[in-house]
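Chain residues, written in single-letter form:
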Amino acid sequence: MANSDKLVIAGREFTSRLMVGTGKYASNEETARALEASGAQIITVAVRRVNLDRSKESLLDCIDLKKYTLLPNTAGCYTADDAVRTCRLAREAGMSDFVKLEVLGDEKTLFPENEELLKAAKILVKEGFTVLPYTSDDPIMCRKLEDIGCAAVMPLGAPIGSGLGIRNPYNIRIILETVKIPVIVDAGVGTASDAAIAMELGCHGVLMNTAIAGARNPVAMAEAMNLAVRAGRLAYLAGRIPRKLYATASSPLEGLLE
Amino acid sequence: MDIAINGENRSVSAKTVKELLESLDIDSKRVAVELNMEILPKADYLTRTIADGDRIEIVHFVGGG
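An account of the accompanying structure is given in this report. Quick caveat: nothing in here was measured; it's all calculated off a predicted structure.

1. Structural notes on the overall build of chain A
Point 1. Looking only at helices and strands, chain A has 8 helices and 10 strands in total.
Point 2. Relative to the globule expectation of 18 Å for 258 residues, the C-alpha radius of gyration of chain A, 20 Å, shows essentially globular dimensions.
Point 3. Considering only C-alpha atoms, chain A reaches an extent of 85 × 40 × 35 Å along its principal axes.
Point 4. Across the 258 residues that make up chain A, the buried fraction comes to 50%.
Point 5. For chain A, the accessible surface area stands at approximately 13000 Å², while carbon and sulfur atoms represent 51% of it.

In structure tokens:
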């Protein structure tokens, strides 16, 4: 069952449902080892100015680019214009149309600025980008993003980097019933059980960065997340038992000693 | 010729974008270049010339979520 189960985004198939960010690691070497342990096939990167004195080794020199699909983000953009500009630059630098679109509304919460997000998404879809937007856990917003042609929606579980887990599983469930495109929980995961919960709800994938990079042992946490996403997905496919208030015995009642 | 690269004022002798990237030891395959807010297709690096006062942005991918 698990082998034929694939995540499909804009016609592209992936066997891993865990996407990971590449920020905040102690070194490029640690990033590479954590990526390997995570089993991820899609990894996010940021677009930034080249350091002109070229003293630092670049991240892309340290990872096997044949193994990963790069998903450039628009982190740090607060307007549609900035996000669109960043995506266009990313396409030129990476020769791929995949973008993680985020337009932020506030530095303290890093919550999405959804009006600007929609504006940017419309422009980018028209220009042929495969747009994966980071958005609120709001079913109406997700429906709008689907309607304008986004390839997936990526509602937050909790604020970026907060590690608070899936704060509103009911909204995530409604989003899953509302849209037909993949739903990927992006942001908020703190530990393996959070990732498993997202997958058990029926999400198609989970994207995380800080939960792995900020762990005491990032490589071990990457493996834990790999297993949790797979376990959660399998549990979802297997179909959990209903919750009941009272006990149901597991052992037969017949043949009890008298 | 004085230009601004990534917000830094520099004196350069390169005549084209390609020459500029070479002089900075930057692999053109892994970057994107913006010349006065216009994103250049890689095929144009060879022919696009640089003029005094130009503002150039050279970006690449770094670690990020």
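2. Comments concerning the pattern of salt bridges
Residue and element names in this part refer to chain A.
Point 1. Applying the stated criterion to the full structure yields 17 salt bridges over all chains.
Point 2. A salt bridge links Asp97 to Arg91, with the shortest nitrogen-to-oxygen separation between them at 3.1 Å.
Point 3. Accessibility expressed as a relative area gives 23% for Arg91, which makes it partly exposed.
Point 4. Three or more residues are tied together by salt bridges with common partners; here these are Asp5, Arg17 and Arg233.

3. A look at the nonpolar core
Note on soluble globular proteins: their nonpolar side chains tend to be buried together.
Point 1. By size, the foremost hydrophobic cluster in this structure holds 69 residues, and its most contacted members are Leu101, Met208, Ile212 and Met225 of chain A.
Point 2. No other element matches the 7 residues that helix 2 (residues 80-94) of chain A contributes to this core.
Point 3. Within the second largest apolar cluster, 19 residues are counted, among which are Ile3, Val31, Val33 and Ile58 of chain B.

4. Focus on the interface of chain A and chain B
Point 1. Facing 31 residues of chain A, the contacting portion of chain B comprises 27 residues.
Point 2. Broken down residue by residue, the surface that chain A buries against chain B is led by Arg49, Leu52 and Glu92 of chain A, which jointly contribute 28%.
Point 3. Arg30 of chain B is the salt-bridge partner of Asp61 of chain A, the closest N and O atoms lying 2.7 Å from each other.
Point 4. Where chain A packs against chain B, one counts 13 residue pairs in polar contact (both at pLDDT 80 or more).
Point 5. Broken down by secondary-structure element, the contributors of at least two residues to the side of chain A that touches chain B are strand 4 (42-49), strand 5 (69-72) and helix 2 of chain A.
Point 6. Ranked by residue count, the leading element in the side of chain A that touches chain B is helix 2 of chain A, at 7 residues.
Point 7. Relative to strand 5 (residues 55-63) of chain B, strand 4 of chain A runs antiparallel, the two sharing 5 bridges. Across the sheet, Arg49 of chain A pairs through a bridge with Val59 of chain B, a residue of strand 5 of chain B.

5. Comments concerning the environment of Ala224 of chain A
Residue and element names in this part refer to chain A.
Point 1. As for its placement among the helices and strands, Ala224 is situated in helix 8 (residues 218-238).
Point 2. Overall, the relative accessible area of 26% leaves Ala224 in the partly exposed class.
Point 3. Separated by 96 residues in sequence, Ala224 and Gly128 place their C-alpha atoms 36 Å apart.

6. Comments concerning the pairing of strand 3 (residues 18-21) of chain A
Residues and elements named next belong to chain A.
Point 1. Residues Leu18 and Val20 point to one face of strand 3 and Met19 and Gly21 to the other, with burial holding for every one of them.
Point 2. Sheet topology note: the strand 3/strand 10 (residues 205-208) ladder contains 3 bridges and is parallel. From the neighbouring strand, Met19 faces strand 10, where its bridge partner is Leu207.
Point 3. Across 3 bridges, strand 3 lies against strand 4 in parallel orientation. Bridging across to strand 4, Gly21 finds its partner in Thr44.
Point 4. After leaving strand 3, the chain enters helix 1 (residues 28-38) and then returns to the sheet as strand 4, a path that is right-handed.

7. Describing the environment of Met154 of chain A
Residues and elements named next belong to chain A.
Point 1. Position of Met154 relative to the elements: it lies in strand 8 (residues 154-155).
Point 2. Residue class for Met154 comes out buried when judged on its relative accessible area of 0%.
Point 3. It is 16 Å that separates the C-alpha atoms of Met154 and Val229, two residues lying 75 residues apart in sequence.
Point 4. Beyond its immediate sequence surroundings of up to four residues, Met154 is in contact with Lys100, Leu132, Pro133, Tyr134, Thr135, Ile184, Asp186 and Leu207.

8. Side note on the packing of aromatic side chains
Point 1. Counting across every chain of the model gives 0 aromatic pairs over all chains.
Point 2. Directly above the aromatic system of Tyr134 of chain A lies the positively charged group of Lys100 of chain A, at a separation of 5.8 Å from the ring centroid.

Each value, and the rule that gives it
Residues numbered from 1 in each chain as written. Chains lettered and ligands numbered in written order. Predicted model: local features only at pLDDT ≥ 70, side-chain atom pairs only at ≥ 80, totals over all residues. Heavy atoms only, no water. Helix = DSSP H or I, 4+ residues; strand = E, 2+ residues; numbered from the N terminus. Rg over C-alpha atoms; globule rule 2.2 N^0.38 Å. Buried < 20%, exposed > 50% of the residue type's maximum accessible area, 1.4 Å probe, protein only. Areas by Shrake-Rupley, 256 points an atom, 1.4 Å probe, with all protein chains shown as cover. Salt bridge = Lys/Arg side-chain N within 4 Å of Asp/Glu carboxyl O. Core = buried A, V, L, I, M, F, W, Y, C linked by side-chain atoms within 4.5 Å. Contact = heavy atoms within 4.5 Å. Buried area = accessible area lost by both parts, 1.4 Å probe. Polar contact = N/O pair within 3.5 Å; in protein donor to acceptor, adjacent residues only side chain to side chain. Pairing = 2+ DSSP bridges. Right-handed = clockwise from strand over helix to strand, strands pointing away. Phe/Tyr/Trp six-rings, centres within 6.5 Å; stacked < 30°, edge-to-face > 60°. Lys NZ or Arg CZ within 6 Å of the ring centre and 35° of its normal.

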